Amino acid sequence: MSAFTTAVAPTREEIVEWVSSATNEVFQTMLGMEARFGEHYIEDPGKGLSMGVIGIIGLVGEWTGTAVVSCSSPLACKIANTLFMQEYPSVTDEVLDAVAEMTNMIIGNLKNNLESKLGTMGLSIPAVVFGRNFATRRSGKESWYVIRFEVDGERIDVQLCLAPNQSGVLTGNGVPRIMTLA
Amino acid sequence: MDVLIVDDSAAIRKILQRVLRQTEMPIGNIHEAGDGVEALAMLAKETVGLILSDINMPNMDGLEMLAKIKSMDAYKAVPVIMITTEGNQNKVMEAVSLGAAGYVRKPFTTEQIKEKLTGLV
């Protein structure tokens, strides 16, 4: 832990509980859909996701990190259909906007819980990646929490990586620690 | 009555447009802005009777925008409702002390927005 922070990291159980409650609340309130908890595990850094729709958002404060919300294209379309009450047979800019906003709301709500342990945090502007056969890589050494849900028969994962802010720099938005390779 | 929606999320602007159209309020034009700077530029050329705004936005956040709006004679009395994921109670209290007419936390239901608008306009 850096000298910059004295905050104690949340436990794995707390992370899982907070992510589950934030994800459920957003899906139930905004979409009237249930996000059923599936499983949770820890993943090492390195190779990341390679297909689907991926919302990415950075967190910064005394602790810093990255959160990723990923799902299949059909689920992304279902989310947009319900959110905008309009049919989206394929992934469009509006579908990507919907996933970006769902990511923002889920991680925004999670942030409110994280702040109770880690102090004030800011969120970056969400980014969304969509495609097939791309490669992502998680830089850094930190492990990632992966919390999996099932929504309407489709899988959705919320991934989170947190570490003490070594630089002590609190200005600006968090820079997501994930790289997308062509 | 014209309405201004201020949010950096295109998705939220689209949802709020739909919610406003579903109310029985006499809604005219619905203007959109992506941050406080755009919102103030919009208010310089349009007249609106209600403003719905996010708090955390780039360039100029909702609190700074709210303070500026409340210092404008033409907009002092126009209700501004803050709609945000922000759970920091200090920011919520600041919004209220700056003159926000209400606060809705994201995620929200259509009914929560309608309820908040009832009696304001």
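Residues numbered from 1 in each chain as written. Chains lettered and ligands numbered in written order. Predicted model: local features only at pLDDT ≥ 70, side-chain atom pairs only at ≥ 80, totals over all residues.

Digging into the overall build of chain B
Secondary structure summary: chain B contains 5 helices and 5 strands in total. Sequence-ordered secondary structure for chain B, helices as α and strands as β, is β-α-β-α-β-α-β-α-β-α. Relative to its length of 121 residues, chain B is compact, with a C-alpha radius of gyration of 13 Å against a globular reference of 14 Å. Overall size of chain B, expressed as C-alpha extent along the three principal axes, is 30 × 30 × 25 Å. Across the 121 residues in chain B, those meeting the buried criterion constitute 36%. At a minimum sequence separation of 6, the contacts of chain B that also span at least 24 residues come to 64%. (Helix = DSSP H or I, 4+ residues; strand = E, 2+ residues; numbered from the N terminus. Rg over C-alpha atoms; globule rule 2.2 N^0.38 Å. Buried ≥ 20, exposed ≤ 12 C-beta atoms within 10 Å, placed from the backbone. Contact = placed C-beta atoms within 7 Å.)

Here we look at the packing of helix 3 (residues 93–118) of chain A against helix 1 (residues 10–22) of chain B
Between helix 3 of chain A and helix 1 of chain B, the shortest axis-to-axis distance is 8 Å and the interhelical angle comes to 100°. Relative to helix 1 of chain B, the element helix 3 of chain A is oriented roughly perpendicular. Where helix 3 of chain A abuts helix 1 of chain B, its residues Asp97(A), Ala98(A), Ala100(A) and Glu101(A) lie against Ala10(B), Ala11(B) and Ile12(B). Taken together, the residues of the contact of helix 3 of chain A with helix 1 of chain B sort by class into 5 nonpolar, no polar and 2 charged. (Axes fitted to C-alpha atoms, helices over the stretch in contact; angles between N-to-C directions. Parallel < 35°, antiparallel > 145°, perpendicular 65-115°, else oblique. Nonpolar A, V, L, I, M, F, W, Y, C, P; charged D, E, K, R; others polar.)

Section: the confidence of the model for chain A
In the predicted model, chain A carries a mean pLDDT of 87, and 88% of its residues have values of at least 70. Ignoring residues within four places in sequence, the model shows residues 171–177 of chain A, a span with pLDDT below 50, making 24 contacts including any to other chains. (pLDDT = per-residue confidence, 0-100.)

Structural notes on helix 1 (residues 12–31) of chain A
Within an α-helix, residues lying three or four positions from one another point in the same direction, as the helix has 3.6 residues per turn. All names here are of chain A. Counted at 1.5 Å a residue, the expected span for helix 1 with its 20 residues is 28 Å, and the 28 Å between its end C-alpha atoms agrees. Listed as buried for helix 1 are Ile15, Trp18, Val19, Ala22, Thr23, Val26, Phe27, Met30 and Leu31. Taken down its axis, helix 1 places every buried residue within 150° of arc, on the same side. (Expected span 1.5 Å × (residues − 1). Arc of directions from axis to C-beta.)

Some words on the environment of Met121(A)
You can see Met121(A) is positioned in strand 5 (residues 121–123). When the C-alpha atoms of Met121(A) and Leu59(A) are compared, they prove to be 6.4 Å apart, with 62 residues separating the residues in sequence.

A few points about the interface of chain B and chain A
Often the size quoted for an interface is simply the accessible area lost on bringing the parts together. Of the residues lining the interface, 15 residues belong to chain B; the matching set on chain A comes to 17 residues. Broken down by class, the residue content of the side of chain B that touches chain A amounts to 7 nonpolar, 4 polar and 4 charged.

Brief notes about the pairing of strand 1 (residues 36–43) of chain A
All names here are of chain A. Burial within strand 1 is sparse, with just 0 of its 8 residues counted as buried. Note: strand 1 against strand 8 (residues 144–151), 7 bridges, orientation antiparallel. Bridge pairing links Ile42 to Tyr145 in strand 8. (Pairing = 2+ DSSP bridges.)

Description of the environment of Gly36(B)
Residues and elements named next belong to chain B. Note that Gly36 resides in helix 2 (residues 36–45). Separated by 23 residues in the primary sequence, Gly36 and Asn59 place their C-alpha atoms 7.1 Å from one another. Apart from the residues within four sequence positions on either side, Gly36 is in contact with Val6, Met57, Asn59, Met60, Asp61, Gly62, Glu64 and Met65.

Here we look at the environment of Met33(A)
All names here are of chain A. Position of Met33 relative to the elements: it lies in the loop between helix 1 and strand 1. Put simply, Met33 and Val151 are 118 residues apart on the chain and 7.0 Å apart in space, counted from C-alpha to C-alpha. Dropping the residues within four chain positions of it, Met33 is found in contact with Phe27, Gln28, Thr82, Val151 and Asp152.

Quick look at the nonpolar core
Counting 79 residues, the largest nonpolar core has Ala76(A), Ile79(A), Val99(A), Ile106(A), Leu160(A) and Leu4(B) as the members making the most contacts within it. At 12 residues, helix 3 of chain A tops the list of elements feeding residues into this core. Ignoring sequence-local partners within four residues, the contact set of Leu160(A) consists of Ile15(A), Val19(A), Gly65(A), Ala67(A), Trp144(A) and Tyr145(A). (Core = buried A, V, L, I, M, F, W, Y, C linked by C-beta atoms within 7 Å.)

Considering helix 3 of chain A
Residues and elements named next belong to chain A. Taken as a whole, helix 3 carries its principal kink of about 30° at Asn112. Taken across its 26 residues, helix 3 has 19 buried, putting it largely inside the fold. A positive backbone phi angle near 80° is found at Gly119, which sits one or two residues after helix 3. (Bend = angle between axes of the 7 residues up to and from the residue.)

Considering the sheet that holds strand 1 (residues 3–6) of chain B
All names here are of chain B. Taken in spatial order, the 5 strands of this open sheet run 2-1-3-4-5, and their pairing is parallel. Because the sheet does not close on itself, it has two edges, and the strands there are strand 2 (30–33) and strand 5 (102–105). Strand-to-strand twist in this sheet, taken as the mean axis angle between neighbours without regard to direction, amounts to 20°. Judged from the 3 bridges that link them, strand 3 (residues 50–53) and strand 4 (residues 80–84) form a sheet pairing that is parallel. Bridged to Leu52 within strand 4 is Ile81. Contacts between helix 3 (residues 62–70) and the sheet are confined to strand 1, strand 3 and strand 4, with strand 4 contributing the most and set at about 180° to the helix.

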